[in-house]
Every structure is written in C-alpha cells, then in structure tokens.
Amino acid sequence: MTKTVALQMDHIASIDINGDSSFVLGLEAQKRGYKLYHYHPNDLSFQNGIVSAHAEEMTLRYEEGNHYDLGASEKVNLANVDVILMRQDPPFDMSYITATHLLDHIHPDTLVVNDPTSVRNAPEKLLVTHFPDLMPETLITRNESDIKAFRAEYKDIIVKPLFGNGGAGVFHLKPEDENLASLLEMFFEKNREPLMIQRFMPEVRAGDKRIILVDGKAVGAINRVPAAGEARSNMHVGGKPVKSELTKREHEICEAIGPTLREQGLIFTGIDVIGDYLTEINVTSPTGLQEINRYDDTCLEALIWDAIEEKL
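Residues numbered from 1 in each chain as written. Predicted model: local features only at pLDDT ≥ 70, side-chain atom pairs only at ≥ 80, totals over all residues. Heavy atoms only, no water.

What the rule picks out here adds up to 17 salt bridges. A salt bridge links Glu28 to Arg32, with the shortest nitrogen-to-oxygen separation between them at 2.7 Å. A network of salt bridges, in which partner residues are shared, links Glu28, Arg32, Asp306 and Glu309. (Salt bridge = Lys/Arg side-chain N within 4 Å of Asp/Glu carboxyl O.)

Attention shifts here to the sheet that holds strand E8 (residues 138-141). What the four strands build is an open sheet, ordered E8-E11-E9-E10; its pairing is antiparallel. The open sheet has two edge strands, E8 and strand E10 (171-173), and neither has a second partner. Put simply, the sheet's adjacent strands are angled 20 degrees from each other on average, direction ignored. Of the pairings in the sheet, the one linking strand E9 (residues 157-161) to E10 comprises three bridges and is antiparallel in character. What sits directly across from Ile158, in E10, is His172. Running at roughly 165 degrees to E8, helix H5 (residues 144-154) makes contact with E8, E9, E10 and strand E11 (195-199) of the sheet. Where helix H6 (residues 180-190) meets the sheet, it contacts E9, E10 and E11, and its direction lies at approximately 155 degrees from that of E10. (Pairing = 2+ DSSP bridges. Helix = DSSP H or I, 4+ residues; strand = E, 2+ residues; numbered from the N terminus. Axes fitted to C-alpha atoms, helices over the stretch in contact; angles between N-to-C directions. Contact = heavy atoms within 4.5 Å.)

Relative to each other, helix H8 (residues 289-296) and helix H9 (residues 300-311) sit at 120 degrees, their axes nearing to 9 Å. By the criterion of interaxial angle, the relationship of H8 to H9 is oblique. Between H8 and H9, the residues in contact are Leu289, Ile292 and Asn293 and Leu300, Glu301 and Ile304, respectively. Broken down by class, the residue content of the contact of H8 with H9 amounts to four nonpolar, one polar and one charged. (Parallel < 35°, antiparallel > 145°, perpendicular 65-115°, else oblique. Nonpolar A, V, L, I, M, F, W, Y, C, P; charged D, E, K, R; others polar.)

Okay, the packing of H5 against H6 next. Geometrically, a packed helix pair is captured by the angle between its two axes and the distance between the axes. Across the interface, H5 lies against H6 with an axial gap of 12 Å and an inter-helix angle of 140 degrees. As far as their axial angle goes, H6 and H5 are oblique. Between H5 and H6 the crossing geometry is right-handed. Across the interface between the two elements, Glu144, Ile147, Lys148 and Arg151 of H5 pack against Leu180, Leu184 and Phe188 of H6. Of the residues belonging to the contact of H5 with H6, the class tally is four nonpolar, no polar and three charged. (Left-handed = near helix turned anticlockwise from the far one by under 90°.)

Two elements, strand E2 (residues 35-39) and strand E4 (residues 50-60), share three bridges in a ladder whose sense is antiparallel. Within E4, the residue paired with Tyr37 across the bridge is Glu57. Strand direction decides the pairing type here: strand E3 (residues 44-47) and E4, joined by four bridges, are antiparallel. Looking at E4, one finds that Gln47 is bridged to Ile50. Between E3 and E4, which follow one another and run antiparallel, lie two residues, and Asn48 among them has a positive phi close to 55 degrees. Of the pairings in the sheet, the one linking E4 to strand E5 (residues 68-77) comprises eight bridges and is antiparallel in character. If you follow Thr59 over to E5, its bridge partner there is Asp69.

Right, let's talk about the nonpolar core for a bit. In terms of nonpolar packing, the biggest core is built from 43 residues, with Leu78, Ile271 and Ile281 touching the most fellow members. If you list the elements that add at least two residues to this core, you get E2, E4, strand E6 (83-86), helix H2 (94-104), strand E12 (208-214), helix H7 (248-263), strand E15 (268-274) and strand E16 (277-282). Per-element accounting of this core gives the leading share, five residues, to H2. When sequence neighbours within four positions are dropped, the list of residues in contact with Ile281 reads Ala122, Glu124, Leu127, Val128, Phe131, Ile257, Leu261, Gly270 and Ile271. Ranked by size, the runner-up nonpolar core spans 30 residues in total, among them Phe23, Val214, Ile292 and Ile304. (Core = buried A, V, L, I, M, F, W, Y, C linked by side-chain atoms within 4.5 Å. Buried < 20%, exposed > 50% of the residue type's maximum accessible area, 1.4 Å probe, protein only.)

Note that Pro226 resides in the loop between strand E13 (217-225) and strand E14 (240-243). It is 4.4 Å that separates the C-alpha atoms of Pro226 and Gly239, two residues lying 13 residues apart in sequence.

Structure below.
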C-alpha cells in the first residue's frame, strides 16, 4: 500500500523553491514513493473524535514558476495518513497552539513531525531557557522596571517579541538610544505577551550560525552574516549564508541539548548560535536545509526522512 504524507503549511504557491525546507522535504518524500497531500492549518477540523483536513493531493517538481500541481480538495481523515509534517510558519499564536492540540488526537499513530505536544511546550525562545549555562544574559518579562534595570546593567541590548520569527520585530538598542520607552509602548499595545531582552553580542557581526539537528544529532551548519548596518542575520532580512563547520563549543552545545530533543520527539530542529552562546532552538518550522546542502554537497532532507522512517 502506498504511504501518505500530509504537509500542513502555508500555501505551496507562496514558497521560494530555492530556499524552502518544506519543499525539499516534500520532494524527498515523493522520491521515496509517498503520496503527498497539502493543506493549510485553517482547513483542520475536529468532529466526533475525528481529525480531518480539507486537503489536496500534490505533486512537486524543481521547476521555477511551475513547481507544483494540486488536485481537487477532499476531506481527508488524518488518522489514515502515515506522516504529517507540521510546517506552517509562526507566529506561534493561539491558532498555532490549537493546531497542536488537534494533532495530539492522532499522534503518534499518525506520526506528526515534530511531536505536537513538544512543539506546543517548546517555542523557540523558551525551550532554550532550560539550558541557562548555554545562553547569553537574558530577561523575559513585561515589567518595565526590570527591563530598564537590565538595560542599565548591560547597556547594549536586543529587544524582540517572544513568539515571532524570521527576525521580525527585533530591535538593537545601543546605550545612547532614547527609544526604549516608545518601543515598549508599541509592543505592549500590540499584545499581552512578555518580551525577550538579551545582551547584545558583537560577535553577531561575524555571523549567527544555524545548526541543523536530526533526532538530536548535529548534521550540518551554515553561518548567516548580517548585512551592513543590520543587527539581524536572518536570511529573510538580507543575511548572507556562508559555508561553515561546527566548532568545539558548538559540538558541546549540540551534545548538551540532543538528549532532550530526542526524548521530546523533536526530529527536525534548527538551533541558532552566536559566538559561544545558544540563542534559540527552532522546532516549529526550521529552515536552512537547502543552503547547507549547496555548501556541503549533502542531502539533509534524506537524513530527516531516514529518521522519520525509523519511527514509522
């Protein structure tokens, strides 16, 4: 019987096929003979104990401007699917959290990657707090006096939303910057969530390294060097990918967090390291596969699928 995989993701039409990790994960599944389905998280439903999705059968090809075909929409009982790749981009909001609750009803009989309970419990900027010895100086709070005290101590700081992605809403405040109060007003009017405040690390000028781990084991890395005049190194905002290998310290970081990732069913993760410090553990929709593949002449999506198939 043909095995099936459903990609829960933003619409396939919107992706950049030269950089999107979900695309090559789908291509690898297709290469292995899986039947592909595509659906958006908004098309998930729960009724009478059944989790279903209005999904479309999908065919992928590496062809710019013509990279997919979709069949007619059909209501698919996700308990009958072998694997679901939960790949929609954050923000990690209540919609994202609700999707994890619904998928909990079918996992692990239908293998969801990554484990939905662990995804819910491990947003990128919070899982890292369980490894305080690996982190830079960090504050998570909405309390303005604590934020001001942190700034008074460290002078040069980064302010970022706790549940954002792709570098959106990240601010570098230098000691002489007078905009902290206005910035806090803007954030706090927008939502009720705490902020993450970190000591600015000048090492970021040399790059912010993305390391891919498969089932808790480091398999590749790429350095992302920020553009001139930019503190953010995310490739979404102009960061330049540069070939890179892991340092001794980065191996130590991966070995320290690997057992936790494996125990929590986080098969595909991407961590961010600046200098000697772990800044994020990305578990929702990690990226970087294609960039590392090009520099290292490897196929990380095949390693991910090998790990998935070991668990089927």
